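Structure assessment
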Amino acid sequence: MRFRVLGPLSVDTDAGEPVVVPGAKVRMLLADLLANRNQVVSADRLIDDLWGDDAPANPAGALQVRVSQLRRALNDAEPGARDLIESRPPGYLLRADDVDADRFAELAGATDVDRLTAALALWRGEAYADVADAEFARAEATRLAEQRLVVHERLAEARLARGEHDLVAADLAELVGRYPLREGLRAVQMRALYAAGRQSEALDSYADLRDHLADELGLDPGPELVALHRRILAQDDGLSAPPKAAIIRNSLPAQLDELVGRAEALAELRALLPRRRLVTLIGPGGVGKTRLATEAARALPLPDGAHLVELAPLPSGDPRIAEQVLDTLDLRETAGASVSAMDRLCSALRQRHLLLVLDNCEHVIESVAAVVARLLRDAPEVTVLATSREPLGLTGELLWEVPPLALPQDSALDAVRRSAAARLFAARAAAQQRGFRLDERTAPVVAQLCRRLDGLPLALELAATRVRALGVQGVVDRLDDRFRLLSTQQRDVPPRQRTLTAVIGWSWDLLDDADRAVLARLAVFGDGCTPEAAEFVCQADLDALARLVDRSLVVLDDSGARPRYRLLESVAAFCLDRLDDADEVRARHAAYYTELAERADPQLRGPDQKRWLALLDAETANLRSALVHGGGLRLAMALSWYWYLRGRLTEARLALATPGDPAWEARAAPWRTGFALLQGDPIPPADVRAALAGTTDARAAWFAANAVLETSDLPLASELLPAAVADPWTEAAVLSSRAMIAHASGDLVALESAATRSAALFAELGDRWGRLQASDWVGGLVEMRGEYERAADLHREGLRWAEELGLWPHVCGKLSWLAWLAVQTRDYAQGRELAERAYHLAVEQGSPSAVVFAELGLGFAARRDGKLDVATLHLTRLAEQGRSETHPALYLPMVLVELGYAAEQGGDPAAGLALHVEAFEATEAMGAPRDGAFALEGMASAVGSPEVAARLLGAAAAARLASAAPVAPAERDETDRVTDRVLAALGRERFDALVAEGTRLSPGEARAQLCSQVSSPTRAGRKR
C-alpha cells in the first residue's frame, strides 16, 4: 500500500489503484494512524482525536467499528492489507512503509537540483489537507509545511549557484507573497534579484519584509538579513558570485524551521571549524547545542560531507560508538571480516575529508573520547564537532560554550525586540497562534518570561506551545509549576526533549549520589554564590563543584569582581524538589550569610565601603533567603545600615519587624523607629523616647535622632542626639546632624563648626558616605555666604561619590542641591533639568524627603521663569504637605513665600500677602530668622501701602545683615522689583528715610506695624 499525506489524504494499491476509504470518521482514523505510523496509538487518544467532547455512548465499541471498516476497505483493495493495522495494547498500530512524506524527507536531505525538485513534486496541496484542522494532525502538518519551505529555499540556493538568477527570482515571487515573514526565502530572493541586476527590487523586498515583521509580529529583520541588506546597498560584488561548491554527501537532517538568534555564533563556528579538528559545543540541556552544530556543519564545503551521529539512543556507558558511526555513514561490515569496528572505521575514513557531528556525548563520554582520539590520530582529514554537557577531555580539544539566548535588557519594546530570546519566543508563539505579536502590551510579559526561563531555547519553545491555550501572561503566571507546564505533544521531538523535566533529568541521572547532593544543595542559593559559600553550605570541595561546571549543570560566572557559581532557574527548581536535607542546608546558609553581614557592617563605615557595598549587593537574594530561613533579627540588625545606604527602607522595616529574642528586640527598637520616621510615619515624641530608652548603642540613638530631623522637630532631635560618643564615626555623624539643625536655624557659627569638623572626621575615616553627608552642610554654609560656585563644586564632588557608591537617594539630594544653586543664580532651565532628574529618581527610590527637595527646585525654577501654573501646582502640593505635619516642615516658610509671589504675579496680591504673613509666622515659631527676612520681603512686595513696604524692606535688610545672609542673584531680582516700585511711588528722599526707620525695627515689630496699618489677613486667606 502507498499512503499519500502531502495533500488530501489518499491510498493506492501497489498496482496504483486508488483505495476508497468510506466515511469521515474512518478517514480521520486513517489520518491519525498515519500521523503516528509505525507507533502504537492508544484507544483513549484515538477516541479523543475522533470525537473530542462529543464521544458516543460506547466510545470503545464505536472505535472498534471504525477500525473494522478501515481494515475492510484496505483489504478489499489489496488482499492481506488488513494486517497493516495491528491491535496492540493499549490501542492500534499502522504499519506503513511507503508514505510520500517519508520519501519527501529522504529527498529533502539532498543538495542537487534534481532530487530537490523531485521532493517538491510529491506535494499535491497542503499536508493532511482534509483533516488539517484536527489537533492530532496539526503538529505533523506544520512540521511538513516547514520542511517543504526549507526545501524550496535549498532548491533556490542550488539553482542560484547554477546562475539561474532571473528564474529563481520569478519562482520565488509567488512563494514570498504567500509567506511574507519567511526570512530564509527573502534572503534567497534578494540575492537572486541582486545577481540579476535588479538591485532596487531586492531592496524593495527587504523593505516589504521589514514592514510585515513590524506590523504582524512587532519584530525587526534578523541580523543576517540586515547584513545582506547592507551588502546590497554597498553593491558587494561577492553577492553575484556563486557560493562555494556544494557538499557532495551529507547526512544532516533537513532544516525544519529557522534558527533564531544565533547569527553571530554560526559565523564564529563556521570560521573556526576549518582550522580546528576537534570542537566540542558544551552547555546545559535545552540550550540548542545540536541545532547550532548541525547548522554550522551544513555550510562547510567538504568533499565527503557532514554527518550527524546520534548518540542519545545509546544506553549510558555503551561502548559501541564506532559501530554507531559506521551505521550513520552506511559502511557495512564485510562478510567474514574479523577486524574490530574501530579499525574498520579508521580504515574507511583514512582518506576521507569529512565532518562528524557527534551529538549528545555526555552519557557515553569515555567511549566517545576513545573513538575521537583514535580518529584524530589515524584519519587526518576528519574533523569532529561534538555536542556534550561536559568536555571530552582530549588534547587539542577546543571548548565552545553555547550560551543561552540574549535576554532583554529591560522591558521596553525596542529592547525586547532586540533580544534573541524574545525573537525566538515570538516567532514560535506566532506559529502556534496567528494573532500573537510582540508589541507594547506583550513586550514586558515576554521579557519576564525570557528572564524566568534563562533564555534557554528549548524552554522558550516549550512555553510558546502553551500560548495558544493560555496566552503569554497565563504562561508566565504558571511558571512556578514549570515542569508540568513546559511540555509538548510534538511527536517528532525526542522523548528526552518533550518536557523540561526530561531535559534536566537526563543530566541529573548521569551524576553519582555525592554530586547530586552537592547540586541539590546549590539550589538553596539565590542568584549564585561564591566558592567559599558553596564549600561551607554544600559541604563540598572545589573538585565536586568543578565537575558540575564541566557537566554544564552549574555556570561559573567570573564577569564580576569575584567568581560565582550559578544555577539556571529551571535547574534550581528541579534540584530543590530533590533536596533531602533541606533544613540542615538552609541553617548553614543562614549562618554563613549572617556572619558575612556582621563582618560587612563595620566595613561600610570606612575606606572599603564601595567594595563591601558591591559584595552585599551581589548577595541580595541570598541575604533575603537567609532572613526567611533562620537569620532573624540578628541578621536584620547587621544589614540595617546597608539597607539605609541603599535606600531600602521598606525592606528594612519588614525585616526588623520579625519577632525575636528580647535582647535583640531592644537593640532593634531605635532602628525600627528611625526607618518608620524616614518613611513619614507619625510617631509621638514619647514613643520615640521610649524606643531609645536605655540603649547603649550610640549609633542607633544617632540614627533615630537624625530621622527625627526629617519631621522638622528640631528640639526633639537636639535632645535625642548623643552628647558624648566614644567612636569617631558616631561623633562625625552627630556633628553632621547638628550642622543640619544649625543650617535650619541660620546659625552660621554653629554650622561652620559642626560641618567642617564632621567633614574632617569622615575624611580621616575614609567614609565617603559620611563625607557626602557633611558636604551637604559645608555646601549649605558657603551658599548662605554667597559663594555659589564653590558650593556647586562641593555638591558636584558629592554627586560623583554618591554615583560611584550607588547611593541613589543621596544622588537625588545632590542633584537637588545643584538645582537649587542653579535657581539662585538665575539658570532656571538648568535648575528645572536637574530637579526633574532628582524628582524622578526620588520617586523611583521611594524617598519622601528626596521628593520634597526635588519638588522645591521644580517649583522655584518654574515660578522664577514665569511658568506660574507649573509653579503653583508644585508649591501648593508642598505647602499642603508642610502644613499637615505635626511640626511645620522646615521648608514650609520658603514655599509659602514663593507661593505668595506666584499669587501676586497671578493678579491676587491679597492672597499673596496672606501667604507671606503665614510664612513669617512659621519662621517665628521655628526660630529661623533667615527665612523671616524672605517673608518680610514678600510682604513688602504684596502690601499696597508704599510706606509700609519701605519699612518692611528696611527691616528685611537688617534681618539679613544680622543673620549674615546675603541676597542671592535670583532673590535680588525680587527685592529690586519691589524697591523700584516703592521708590517710584515715594521718591528717593522719602524712600530712604522710611527704609532707615525699618532697619531700626525688629522683624516682629515690622510685622506688627503691618497689622496696624493693613487689614489682618483672614485664616481663609492663609489657607489659599
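Residues numbered from 1 in each chain as written. Predicted model: local features only at pLDDT ≥ 70, side-chain atom pairs only at ≥ 80, totals over all residues. Heavy atoms only, no water.

1. Quick look at the overall build of the protein
Helices and strands together make up the secondary structure of the protein, namely 50 helices and 12 strands. Whereas a compact globule of 1024 residues would reach a radius of gyration of roughly 31 Å, the protein reaches 39 Å, over 25% beyond that. Residue burial in the protein is summarised as follows: out of 1024 residues, 54% are buried. Restricting the contact set of the protein to residue pairs at least 6 apart, pairs at least 24 apart contribute 68%. Entry remark: accessible area of the protein is about 43,100 Å², with carbon and sulfur atoms responsible for 51%. (Helix = DSSP H or I, 4+ residues; strand = E, 2+ residues; numbered from the N terminus. Rg over C-alpha atoms; globule rule 2.2 N^0.38 Å. Buried < 20%, exposed > 50% of the residue type's maximum accessible area, 1.4 Å probe, protein only. Contact = heavy atoms within 4.5 Å. Areas by Shrake-Rupley, 256 points an atom, 1.4 Å probe, with all protein chains shown as cover.)

2. Focus: empty space enclosed by the protein
By the definition in use, this model includes 5 cavities of 30 Å³ or more. The computed volume of the largest cavity comes to approximately 130 Å³. Lining the largest cavity are 14 residues, and of these Arg-864, Val-897, Glu-898, Phe-934 and Glu-971 lie nearest its centre. Looking at which element gives the most residues to the lining of the largest cavity, the answer is helix 43 (residues 892–905), with 4 residues. Looking at the lining of the largest cavity residue by residue, the classes come out as 6 nonpolar, 1 polar and 7 charged. For the second largest cavity, the calculated volume is near 80 Å³. (1 Å grid on protein atoms, 1.4 Å probe; cavity = no way out; pocket = protein on both sides within 12 Å on 5 of 7 lines; lining within 4 Å. Points joined across faces, edges and corners; volume = space filled by probe spheres on them. Nonpolar A, V, L, I, M, F, W, Y, C, P; charged D, E, K, R; others polar.)

3. Re the nonpolar core
Of all hydrophobic cores here, the largest spans 211 residues; its most connected members are Phe-425, Leu-522 and Trp-641. The dominant element in this core, judged by the number of residues it contributes, is helix 29 (residues 620–646), at 14 residues. (Core = buried A, V, L, I, M, F, W, Y, C linked by side-chain atoms within 4.5 Å.)

4. Regarding the packing of aromatic side chains
Taken as a whole and assessed by the stated rule, the structure comprises 24 aromatic pairs. In this structure an aromatic cluster arises from ring pairing among Trp-641, Tyr-644, Trp-671, Phe-675, Trp-702, Phe-703, Trp-729, Phe-762 and Trp-769. One cation-aromatic arrangement involves Arg-578 over Phe-574; the distance from NZ or CZ to the ring centre is 3.5 Å. The aromatic ring of Trp-729 is capped on one face by Arg-605, whose charged end is 4.9 Å from the ring centroid. (Phe/Tyr/Trp six-rings, centres within 6.5 Å; stacked < 30°, edge-to-face > 60°. Lys NZ or Arg CZ within 6 Å of the ring centre and 35° of its normal.)

5. Structural notes on the pairing of strand 9 (residues 382–388)
If a strand is regular, its side chains alternate between the two faces of the sheet. Among the 7 residues in strand 9, 7 count as buried, and that is most of the element. The two faces of strand 9 match: Val-382, Val-384, Ala-386 and Ser-388 on one face and Thr-383, Leu-385 and Thr-387 on the other face are all buried. One ladder, built from 5 bridges, connects strand 6 (residues 278–282) with strand 9; its direction is parallel. The residue bridging Thr-280 from the neighbouring strand is Ala-386, located in strand 9. Two strands pair when backbone bridges link them, and strand 8 (residues 354–359) and strand 9 are joined in this way by 5 bridges, in the parallel orientation. Pairing of Val-357 across the sheet is with Leu-385, part of strand 9. (Pairing = 2+ DSSP bridges.)

6. Observations regarding the confidence of the model for the protein
Mean pLDDT for the protein: 87, with 95% of residues reaching 70 or above. With pLDDT under 50 throughout, residues 243–248 is counted as low confidence; its partners more than four residues away or in other chains account for 15 contacts. (pLDDT = per-residue confidence, 0-100.)

7. Notes on the side chain of Glu-971
Along the chain, Glu-971 falls in helix 47 (residues 969–986). At 3.3 Å, the side chain of Glu-971 forms a polar contact with the side chain of Arg-960. (Polar contact = N/O pair within 3.5 Å; in protein donor to acceptor, adjacent residues only side chain to side chain.)

8. Comments concerning the side chain of Asp-515
Among the secondary structure elements, Asp-515 is positioned in helix 23 (residues 513–522). Of the residues examined, Asp-515 reaches a relative accessible area of 1% and is grouped as buried. A distance of 2.9 Å separates a polar atom in the side chain of Asp-515 from a polar atom in the side chain of Arg-547. In this structure Asp-515 touches Ala-544, Arg-547, Leu-548 and Arg-551, once residues within four positions along its chain are discounted.

9. Points about the pairing of strand 6
Summarising burial for strand 6: 5 of the 5 residues are buried, a large majority. Side chains Leu-278, Thr-280 and Ile-282 of strand 6 all project onto a buried face; the interleaved residues Val-279 and Leu-281 project onto the opposite face, where all are buried too. Two strands pair when backbone bridges link them, and strand 6 and strand 10 (residues 398–401) are joined in this way by 4 bridges, in the parallel orientation. The residue bridging Thr-280 from the neighbouring strand is Leu-399, located in strand 10.

10. Topic: the sheet that holds strand 5 (residues 91–94)
An order of 3-5-4 is seen for the 3 strands of this open sheet, with the pairing classed as antiparallel. What marks the edges here is a single partner per strand, and that holds for strand 3 (41–42) and strand 4 (85–88). Summarising the sheet, strand 3 and strand 5 pair through 2 bridges and their orientation is antiparallel. Across the sheet, residue Ser-42 finds its bridge partner in strand 5, namely Gly-91. Packed onto the sheet, helix 3 (residues 59–77) meets strand 4 and strand 5 and runs at close to 150 degrees relative to strand 4. (Axes fitted to C-alpha atoms, helices over the stretch in contact; angles between N-to-C directions.)

11. Considerations on helix 9 (residues 199–216)
Between the first and last C-alpha of helix 9 there are 26 Å, a value that for 18 residues agrees with the 26 Å anticipated at 1.5 Å per step. The complete set of buried residues in helix 9 reads Ala-202, Ser-205, Tyr-206, Leu-209 and Leu-213. Along the axis of helix 9, the buried residues cluster in a sector spanning 95 degrees; they form a single face. Away from its buried face by more than 90 degrees, helix 9 exposes Asp-204 and Asp-215. In this structure, the buried side of helix 9 is in contact with helix 8 (183–195) and helix 10 (223–233). (Expected span 1.5 Å × (residues − 1). Arc of directions from axis to C-beta.)

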